[in-house]
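# Understanding the architecture of this molecule
Here are the chains, one letter per residue:
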Amino acid sequence: MSRLTTILSALNGQPRTLSELGTELGSSPAAVEGMLSTLFVNGYVQDASPSADGCACNGCSLKSLCRNAAGDVPPINLLRLTPRGEQYLAGLDSSG
């Protein structure tokens, strides 16, 4: 499995913080941050915090999983897949 697939799979279906991704991937948050910056620039991941463009908690399908949905919780920098990231993973499922 490629590193791209590993990172995108870790984000599939559930927004994650940088620290959570680092732990799951067995990498330092600094190393994961570098990889995520590349994925962000290329349109595979996006910020999932309520104030981010494209994330409106009222209509978000991930609201039940999102720790930012509660008004009394301070915003946590969460990342989620973009449609492009989801399409990439879906293409792997259909080819394998």
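Details of the structure are given in the entry above.
The text that follows walks through the structure, step by step, so that each part is easy to find. The structure presented is a predicted model; accordingly, all values stated were derived computationally and were not measured. (Residues numbered from 1 in each chain as written. Predicted model: local features only at pLDDT ≥ 70, side-chain atom pairs only at ≥ 80, totals over all residues. Heavy atoms only, no water.)

Turning next to the packing of helix α1 (residues 3-11) against helix α2 (residues 18-25). Running from N to C, α1 and α2 point in directions that differ by 125 degrees, and their axes come no closer than 11 Å. As judged from the angle between their axes, α1 and α2 are oblique. At the point where α1 passes α2, the crossing takes the right-handed sense. Contacts between α1 and α2 involve Arg 3, Thr 6, Ile 7, Ala 10 and Leu 11 from the former and Leu 21, Glu 24 and Leu 25 from the latter. Considered class by class, the residues forming the contact of α1 with α2 number 5 nonpolar, 1 polar and 2 charged. (Axes fitted to C-alpha atoms, helices over the stretch in contact; angles between N-to-C directions. Helix = DSSP H or I, 4+ residues; strand = E, 2+ residues; numbered from the N terminus. Parallel < 35°, antiparallel > 145°, perpendicular 65-115°, else oblique. Left-handed = near helix turned anticlockwise from the far one by under 90°. Contact = heavy atoms within 4.5 Å. Nonpolar A, V, L, I, M, F, W, Y, C, P; charged D, E, K, R; others polar.)

Before going further, it helps to examine the environment of Ala 31. Inspection of the secondary structure assignment puts Ala 31 in helix α3 (residues 29-41). Under the relative-accessibility criterion, Ala 31 is labelled partly exposed at 36%. (Buried < 20%, exposed > 50% of the residue type's maximum accessible area, 1.4 Å probe, protein only.)

What follows covers the side chain of Thr 5. Structurally, Thr 5 is set in helix α1. Within the local environment of Thr 5, its side chain forms a polar contact with the side chain of Ser 2, the two groups lying 2.9 Å apart. A distance of 3.4 Å separates the side chain of Thr 5 from the side chain of Tyr 88, its partner in a polar contact. Not counting residues up to four positions away in its chain, the partners in contact with Thr 5 are Tyr 88, Leu 89 and Leu 92. (Polar contact = N/O pair within 3.5 Å; in protein donor to acceptor, adjacent residues only side chain to side chain.)

Read across the open sheet, the 3 strands follow the order β1-β3-β2; overall the sheet is antiparallel. The open sheet has two edge strands, β1 (16-17) and β2 (45-47), and neither has a second partner. When β1 meets strand β3 (residues 78-81), the two strands line up antiparallel, connected through 2 bridges. When the sheet's bridge partners are listed, Thr 17 is paired in β3 with Leu 78. Running over the sheet, α1 touches β1, β2 and β3 and is turned about 110 degrees from β3. Its contacts with the sheet put α3 on β2 and β3, and the angle it makes with β2 is roughly 100 degrees. (Pairing = 2+ DSSP bridges.)

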